[in-house]
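Descriptive analysis of the structure
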Amino acid sequence: MAKNKKTPNEMSFLDHLEELRWHLIRSTLAIVSIGSIAFLMKDFVFGTVIFGPMMPSFPTYEVFCNMSKLLGFSEAFCSAEPLFTVQSRQMSEQFSAHIWTSIWAGFIVGFPYLLYELWKFIAPGLYDNERQNARGFIFIASSLFFTGVLFGYYVVAPLSINFLGGYSISDTVIREIDLSSYISTVRAAVIACGLIFELPIIIYFLTKIGLVTPEILRKYRKIALVAVLIVSAVITPPDVASQIIVAVPILILYQVSIYISKVVLRRQAKKEKKRNVKSS
């Protein structure tokens, strides 16, 4: 007769560690599998995706160029040629870049499955009503992450590349950017925005466990504004326009998080009221 699977309450600490180990193994295999496919698609991953934001024909530059002409600003985004060239000065640099870029591609594309493994690990410890309330967790969290990734790729990365790649202290300095430096700029913009856009999900769970309330979020709104501007300054070039472009969606997410926190507390209050009515 097959042995019944233990419930979370019956599992020991070592059982939980064993369960976590298999979730991590499956997650790693997913990243490696997707990364292997990305490794084989070298021309598309590098020629189209990675080096796309440095090309003048990139859609973002065309949009910003038209906007700058319309508003009468400088035509910094209207360059007909790339602002710099990318070079490789180390023997293993290109191979290492190929490997690590493929792994990060596996992480980004496989993010929904990673969330699924995370959910499978924590779901058994939740009550039935909590599982029902968080039914759309994977879809919503994945949607927010991919929205952030697209925002980072099409907005933050081009702004950073255009500003930093075009910045010059002297005409005697040749703009030849190391491959690892260029890729890290694109990767930081994409991953950072993807994770930042998870803010509503984080606030949801922090509210559920009682660490955050709408009042706390409103009280520290000014501090959050400063923090957002600091984050924007870190992941974007040091010009006001770029920081505002990045800061606006983050502030919108913060406001949405306040609303989510309010909804969570309202639902908890209704459930508590129903329990009190039934018990009386």
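All of these numbers come straight from a predicted model, not from anything done at the bench. (Residues numbered from 1 in each chain as written. Predicted model: local features only at pLDDT ≥ 70, side-chain atom pairs only at ≥ 80, totals over all residues. Heavy atoms only, no water.)

Our focus in this paragraph is the overall build of the protein chain. Scanning the protein chain from terminus to terminus reveals twelve helices and two strands. In the protein chain, the succession of α and β elements from N to C terminus is α-α-α-β-α-α-α-α-β-α-α-α-α-α. Considering the protein chain as a whole, with its 280 residues, one finds that 34% of them fall into the buried category. Look at the contacts in the protein chain between residues 6 or more apart in sequence, and 79% of them connect residues 24 or more apart. (Helix = DSSP H or I, 4+ residues; strand = E, 2+ residues; numbered from the N terminus. Buried < 20%, exposed > 50% of the residue type's maximum accessible area, 1.4 Å probe, protein only. Contact = heavy atoms within 4.5 Å.)

Counted under the stated rule, the structure contains three salt bridges. The salt bridge involving Arg26 is made with Glu117; its shortest N-O contact spans 3.2 Å. Residue Arg26 is found in helix H1 (residues 13-40), and its partner Glu117 is found in helix H5 (residues 111-122); the two are separated by 91 residues along the sequence. Between Asp178 and Arg89 there is a salt bridge; the shortest N-O distance is 3.1 Å. You can see Asp178 sitting in strand E2 (residues 176-178) and its partner Arg89 sitting in the loop between strand E1 (85-87) and helix H4 (93-109), a full 89 residues away along the chain. Judged by its relative accessible area of 22%, Asp178 falls in the partly exposed class. Judged by relative accessible area, which is 62%, Arg89 ranks as exposed. (Salt bridge = Lys/Arg side-chain N within 4 Å of Asp/Glu carboxyl O.)

According to UniProt, the "transmembrane region" (unreviewed entry) feature falls on residues 29-51, 97-116, 137-156, 188-207, 219-238 and 244-265. Along residues 97-116 one finds 95% helix and 0% strand; the C-alpha atoms at either end are 28 Å apart. (UniProt positions renumbered as here; feature names shortened; annotations may be inferred.)

Moving on to a nonpolar patch on the surface. On the surface, a nonpolar cluster with roughly 500 Å² of combined accessible area is contributed by Phe95, Ile99, Trp100, Ile103 and Trp104. Summarising the element assignment, Trp100 is placed in helix H4. (Patch = residues over 30% accessible without salt bridge, like charges linked within 9 Å, V, L, I, M, F, W, Y side chains within 5 Å. Areas by Shrake-Rupley, 256 points an atom, 1.4 Å probe, with all protein chains shown as cover.)

This part covers H5. In a regular helix each residue adds 1.5 Å, so twelve residues correspond to 16 Å; H5 covers 17 Å between its end C-alpha atoms and thus fits that length. Here H5 has its buried residues at Phe111, Leu114, Leu115, Glu117 and Trp119. (Expected span 1.5 Å × (residues − 1).)

If you look at the biggest cluster of nonpolar residues, it comprises 30 residues, and the most contacted ones within it are Ile50, Phe51, Ile161, Tyr182 and Ile183. Elements represented by at least two residues in this core include exactly helix H2 (42-50), H4, H5, helix H7 (137-166) and helix H8 (179-196). Residue contributions to this core peak at seven residues, all from H7. For Phe51, the contacting residues outside a window of four places in its chain are Phe46, Val86, Leu179 and Tyr182. Residues Phe64, Phe151, Val228 and Leu253 belong to the second largest nonpolar core, which totals 14 residues. (Core = buried A, V, L, I, M, F, W, Y, C linked by side-chain atoms within 4.5 Å.)

Attention now moves to the packing of aromatic side chains. When we look at a pair of aromatic rings, we describe it by the centre distance and by the angle of the planes. Taken as a whole and assessed by the stated rule, the structure comprises 17 aromatic pairs. Relative to Phe205, the ring of Tyr204 has its centre 5.2 Å away and its plane inclined at 85°; by these criteria the two rings are edge-to-face. Taken together, the ring pairs connect Trp104, Phe107, Phe111, Phe145 and Phe146 into an aromatic cluster. Sitting over the face of the ring of Trp22, Arg21 holds its NZ or CZ atom 5.1 Å from the ring centroid. (Phe/Tyr/Trp six-rings, centres within 6.5 Å; stacked < 30°, edge-to-face > 60°. Lys NZ or Arg CZ within 6 Å of the ring centre and 35° of its normal.)

When you line up the elements, His23 lands in helix H1. Beyond its immediate sequence surroundings of up to four residues, His23 is in contact with Glu117, Lys120 and Phe121.

Turning next to H7. In a regular helix each residue adds 1.5 Å, so 30 residues correspond to 44 Å; H7 covers 41 Å between its end C-alpha atoms and thus fits that length. Of all the bends in H7, the greatest, near 40°, is centred on Gly152. (Bend = angle between axes of the 7 residues up to and from the residue.)

Right, let's get into a positive patch on the surface. Where like charges cluster on the molecular surface, the positive patch consists of Arg218, Arg221, Lys262, Arg266, Arg267, Lys270 and Lys274. Broken down by element, the positive patch gets its largest block of residues, five residues, from helix H12 (residues 240-279). Turning to its location among the elements, Lys270 is positioned in helix H12. (Lys, Arg positive; Asp, Glu negative; His and termini not counted. Charge placed at Lys NZ, Arg CZ, Asp CG, Glu CD.)

Looking at the protein chain, pLDDT values average 83 and 83% of them are 70 or higher. Taken element by element, the protein chain is modelled with least confidence in helix H6 (residues 128-133), mean pLDDT 64, and with most confidence in H4, mean pLDDT 95. (pLDDT = per-residue confidence, 0-100.)

Contact geometry for H2 and H4: axes closest at 11 Å, N-to-C directions at 85°. The angle between H2 and H4 places the two elements in the roughly perpendicular class. For the pair H2 and H4, contact is made by Lys42, Val45, Phe46 and Ile50 and by Ala97, His98 and Thr101, respectively. Partitioning the contact of H2 with H4 into residue classes produces four nonpolar, two polar and one charged. (Axes fitted to C-alpha atoms, helices over the stretch in contact; angles between N-to-C directions. Parallel < 35°, antiparallel > 145°, perpendicular 65-115°, else oblique. Nonpolar A, V, L, I, M, F, W, Y, C, P; charged D, E, K, R; others polar.)

So, about the side chain of Thr60. For Thr60, the position within the fold is in helix H3 (residues 59-71). Of note is the side chain of Thr60, whose polar atom sits 2.4 Å from the backbone oxygen of Tyr154. (Polar contact = N/O pair within 3.5 Å; in protein donor to acceptor, adjacent residues only side chain to side chain.)

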